[in-house]
Amino acid sequence: MAKSLVYNNIFRVKSPLIMYKGGVNYELIAKARHFIRTTFTKTNLQYKIQSIFIELAQNILLYSEEHNLLKDTESVGTIVLDEQEEAYLLITGNVMKSETVETLKDHCNHINSLDRTGLFHFKAELAQKTTNPTSKGGGLGLLQVALLSGNKIQVVTEKINDEYTYLGCCVRVYKDHN
């Protein structure tokens, strides 16, 4: 599934700077963050890519239903940073509960329907809501990703069975809009 995600027509990977499939933990995120910081000069582009990468990678940590049982049950997922002619693509994928995927897709569709002003209003609305104690987040992360990138969040899914679905997310960050 991860291979079909990366080579999906929407996410057509051309020149990967990072391509990883496996256990995701804070140490891996820190190493990838260091790679991003040393690859890109201290610019707004570096800040955007680093911030979006961390948010998407943390989503794997929080929501992946696939685990590496050989190493402290760490979450498993796919992480890609791809350089294209005009933009960088940040792509993640992981297995999730099917009902969670539907909720997440609805959330992304709502985010994608808003203009920049609408995104800021929605962010303020979400920040005011009391957090559900069983929730792993308040929905602000993907909203922040959309604000940082200035682009829509592309989502593809591949149903595994009634209980699980593979979810792929792609965010485009243009090189010249920084």
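Summary of the structure given here.

## Quick word on the overall build of the chain
The helix and strand inventory of the chain stands at six helices and six strands. Counting across all 178 residues of the chain, residues that qualify as buried make up 43%. When the accessible surface of the chain is split by element, carbon and sulfur atoms take 51% of a total near 9,800 Å².

## A look at the side chain of S149
Along the chain, S149 turns up in helix α6 (residues 140-149). With a relative accessible area of 9%, S149 lands in the buried category. Looking at S149, its side chain comes within polar contact range of the main-chain nitrogen of N151, at 3.0 Å. Those residues in contact with S149 that sit more than four places away from it in its chain are I52, V171, R172 and V173.

## Overview of the packing of helix α3 (residues 44-63) against α6
What describes two packed helices is the angle between their axes and the distance between those same axes. The N-to-C vectors of α3 and α6 enclose an angle of 160 degrees; their axes lie 10 Å apart at closest approach. As judged from the angle between their axes, α3 and α6 are roughly antiparallel. The chirality of how α3 crosses α6 is left-handed. Facing α3, whose interface residues are Y47, K48, S51, I52, E55, L56 and N59, α6 presents G141, L142, V145, L148 and S149. Per-class residue counts for the contact of α3 with α6 are six nonpolar, four polar and two charged.

## Digging into helix α2 (residues 26-39)
The terminal C-alpha atoms of α2, which comprises 14 residues, lie 20 Å apart, in line with the 20 Å expected from a rise of 1.5 Å per residue. Summarising the contacts, the buried residues of α2 are in contact with β1 (15-24), α3 and β3 (74-83). Where α2 begins, the capping side chain belongs to N25, and its oxygen is found 3.1 Å from the backbone nitrogen of E27.

## A short note on helix α4 (residues 98-113)
Between its terminal C-alpha atoms α4 stretches 23 Å, which fits the 22 Å expected from 16 residues at 1.5 Å a residue. When α4 is considered as a whole, its buried residues turn out to be S98, V101, H107, C108, I111 and N112. Tucked inside the fold, the buried residues of α4 contact β4 (87-97), α5 (116-128), α6, β5 (153-159) and β6 (164-174).

Criteria and thresholds
Residues numbered from 1 in each chain as written. Predicted model: local features only at pLDDT ≥ 70, side-chain atom pairs only at ≥ 80, totals over all residues. Heavy atoms only, no water. Helix = DSSP H or I, 4+ residues; strand = E, 2+ residues; numbered from the N terminus. Buried < 20%, exposed > 50% of the residue type's maximum accessible area, 1.4 Å probe, protein only. Areas by Shrake-Rupley, 256 points an atom, 1.4 Å probe, with all protein chains shown as cover. Polar contact = N/O pair within 3.5 Å; in protein donor to acceptor, adjacent residues only side chain to side chain. Contact = heavy atoms within 4.5 Å. Axes fitted to C-alpha atoms, helices over the stretch in contact; angles between N-to-C directions. Parallel < 35°, antiparallel > 145°, perpendicular 65-115°, else oblique. Left-handed = near helix turned anticlockwise from the far one by under 90°. Nonpolar A, V, L, I, M, F, W, Y, C, P; charged D, E, K, R; others polar. Expected span 1.5 Å × (residues − 1).

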